[in-house]
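As a plain string of letters, each chain reads:
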Amino acid sequence: MPSVLSLADVSRAPRQSGWLDTIIRGDCVAALEALPDKSVDVIFADPPYNLQLGGALTRPDQSLVDAVDDEWDQFASFEAYDAFTRAWLLACRRVLKPSGTIWVIGSYHNIFRVGAALQDLSFWILNDIVWRKTNPMPNFKGRRFQNAHETLIWASRDAKAKGYTFNYDAMKAANDDVQMRSDWLFPICSGGERLKDADGRKAHPTQKPEALLARVLMASTRPGDVVLDPFFGSGTTGAVAKRLGRHFVGIEREQDYIDAARARIEAVEPLGSGTLTVMSGKKAEPRVAFNTLIESGLIAPGTVLTDARRRHSAVVRADGTLASGADAGSIHRLGAKVQGLDACNGWTFWHYADGAELKPIDALRAVIRRDMAGLE
């Protein structure tokens, strides 16, 4: 079962790992301040929405709607909510890695104020995602449109952030090889997934569906990444992270929610490593210059390269260029020149001899990339 740490426990924990896969009990800002700088890959935040309910909500038959009326969702004013938002976002920004990203979910009550705060604090908005609900709660009074969606904002730490994770190819493949859009269709959390207390009531009023969190994590994290949820609630983020082979850390101040989250996460069986490999395309692979092959000794100056049919040949020069007769240039430029074309992918055009077999130099680039990734 996940450990529960106090703020004092966090400060004493080993700085690199003692707080991983735990729930920290306490105020989110204070708990965030106890975590190491730049230690988190992705943050998923489901903050109070500040629903501003003016009284009990009833159906046309006067039955009471189980709405969010908890103390933690109540603020004295918009100014108080804005101050709270800036405080936790600033604390999140400190623990987020330079290449990390943050997701914040909300409704029309708060998401625009959160978005403005994100921009004011130098976060860079990458997308807004519309979660369209297949089974939303009706508008009982019939005086407004039915609220059928919530909005997620996805942002990097700043405008110049590089290297953040977006598993574009995996998302496209999962969407029948069509680029995934920013409107997602999921049902609200209900049925057997909805946690209940001993009296059969909702264990948490705003529990999010696991399918929504799974898409967030599959899109923006890799196995082994650290996912932080500063408003942990019933532990959806932790449950999904554990199942998908990610580390989690949750922050929650309500003991009842902590108890429900711990039991829930304990019951989760992680998926096998073979099912967690993230599909990636060429864009996601690290850039390797042809000269790197020479520097690493995989190919030597003076080596003769040819095309697959041995119609054209070129000699590798020490500076990483190729020479063919009076012409010289990069693997791409010379490949295009000898064919009389405007462009050429030199990695697949030029081949080297491996015994009696010709192999594309792209095979040598793959060796470099495996080394960069720390693979055997």
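Residues numbered from 1 in each chain as written. Predicted model: local features only at pLDDT ≥ 70, side-chain atom pairs only at ≥ 80, totals over all residues. Heavy atoms only, no water.

Note the following rule: UniProt positions are given in the numbering used here, feature names are shortened, and annotations may be inferred rather than shown by experiment.
The name an unreviewed UniProt entry assigns to the protein is Methyltransferase, from the organism Shinella pollutisoli. The Catalytic activity (unreviewed entry) field of the UniProt record for the protein holds the comment "a 2'-deoxyadenosine in DNA + S-adenosyl-L-methionine = an N(6)-methyl-2'-deoxyadenosine in DNA + S-adenosyl-L-homocysteine + H(+)". Looking at the protein in UniProt, the text filed under Sequence similarities (unreviewed entry) is "Belongs to the N(4)/N(6)-methyltransferase family."

1. Quick word on the packing of aromatic side chains
Stated formally: Between 30 and 60 degrees the pair is tilted, below 30 it is stacked and above 60 it is edge-to-face, where a pair is any two Phe, Tyr or Trp rings, Trp via its six-membered ring, whose centres lie within 6.5 Å. Only protein chains enter the area calculation, which uses a 1.4 Å probe; residues under 20% of their type maximum are buried, those over 50% are exposed, and those in between are partly exposed. Put simply, DSSP H or I for four residues or longer makes a helix, DSSP E for two residues or longer makes a strand, and each gets a number counted from the N terminus.
Scanning all chains against the criterion turns up 13 aromatic pairs. Measuring from ring centre to ring centre gives 5.0 Å for F75 and Y81, while their planes differ by 90°; the resulting arrangement is edge-to-face. By relative accessible area, which is 23% here, F75 ends up partly exposed. Ring geometry for W103 and W184: centres 6.1 Å apart, planes at 40°, overall tilted. Taken together, the positions of W103 in strand β4 (residues 96-106) and W184 in strand β7 (residues 183-186) put the pair 81 residues apart, joining distant regions of the chain. Residue W103 is classed as buried on the basis of its relative accessible area of 2%. Residue W184 is classed as buried on the basis of its relative accessible area, which comes to 4%.

2. Structural notes on the pattern of salt bridges
Spelled out, the test is: Any carboxyl oxygen of Asp or Glu that lies within 4 Å of a side-chain nitrogen of Lys or Arg is treated as forming a salt bridge with it.
For the structure shown, the criterion picks out 13 salt bridges. Between K208 and D46 there is a salt bridge whose closest N-O contact spans 2.8 Å. Residue K208 is found in the loop between β7 and α6 (210-220), and its partner D46 is found in the loop between β3 (40-45) and α3 (78-95); the two are separated by 162 residues along the sequence. Both residues of the pair, K208 and D46, count as buried. Through salt bridges with shared partners, a single network forms among E210, R243 and R264.

3. Notes on the pairing of strand β14 (residues 351-354)
Test applied: One requirement defines pairing of two strands: DSSP has to find at least two bridges between them.
As defined by bridge partners, β14 adjoins strand β15 (residues 357-360) across 4 bridges and the pair is classed as antiparallel. When the bridges of β15 are listed, H351 appears paired with P360. Counted along the chain from β14 to the antiparallel partner β15, the turn is 2 residues long, and its residue G355 has a positive phi close to 70°.

4. Some details on helix α7 (residues 236-243)
Where we set the bar: Throughout, a contact is declared for two residues whenever any of their heavy atoms are within 4.5 Å.
Counting buried residues along α7, 6 of its 8 residues qualify, which places the element largely inside the surrounding structure. Here α7 has its buried residues at T236, T237, G238, A239, V240 and A241. Contacts made by the buried residues of α7 are with β3, α6, β8 (226-229), β9 (247-252) and α8 (255-266).

5. Focus: the side chain of D229
The following threshold applies: In this tally Asp and Glu are treated as negative and Lys and Arg as positive; neither His nor the chain ends contributes. Polar contacts, as used here, are pairs of N or O atoms within 3.5 Å; protein pairs need one atom able to donate a hydrogen and one able to accept it. Residues neighboring in sequence count only if both atoms are side-chain atoms.
By the secondary structure assignment, D229 is in strand β8. Buried and without a salt bridge, D229 has R264 as its closest oppositely charged side chain, separated by 8.9 Å. Side-chain polar atoms of D229 contact the backbone nitrogen of F231, separated by 2.9 Å. Apart from residues no more than four positions distant in its own chain, D229 is found in contact with F44, T237, V249, G250 and I251.

6. Topic: the nonpolar core
Cut-off, in case you're wondering: Buried residues of nine kinds, namely Ala, Val, Leu, Ile, Met, Phe, Trp, Tyr and Cys, make up a nonpolar core once their side-chain atoms join them within 4.5 Å.
In this structure, I43, W88, I102 and L228 are the most contacted members of the largest nonpolar core, which totals 36 residues. Secondary structure elements with two or more residues in this core: α2 (28-33), β3, α3, β4, α4 (111-120), β6 (149-156), β8 and β9. Among the elements that take part in this core, α3 stands out by supplying 6 residues, more than any other. Not counting the four nearest positions on each side in its chain, I43 is found in contact with C92, V95, L96, T101, I102, W103, L228 and P230. Ranked by size, the runner-up nonpolar core spans 29 residues in total, among them I129, L213, L244 and I258.

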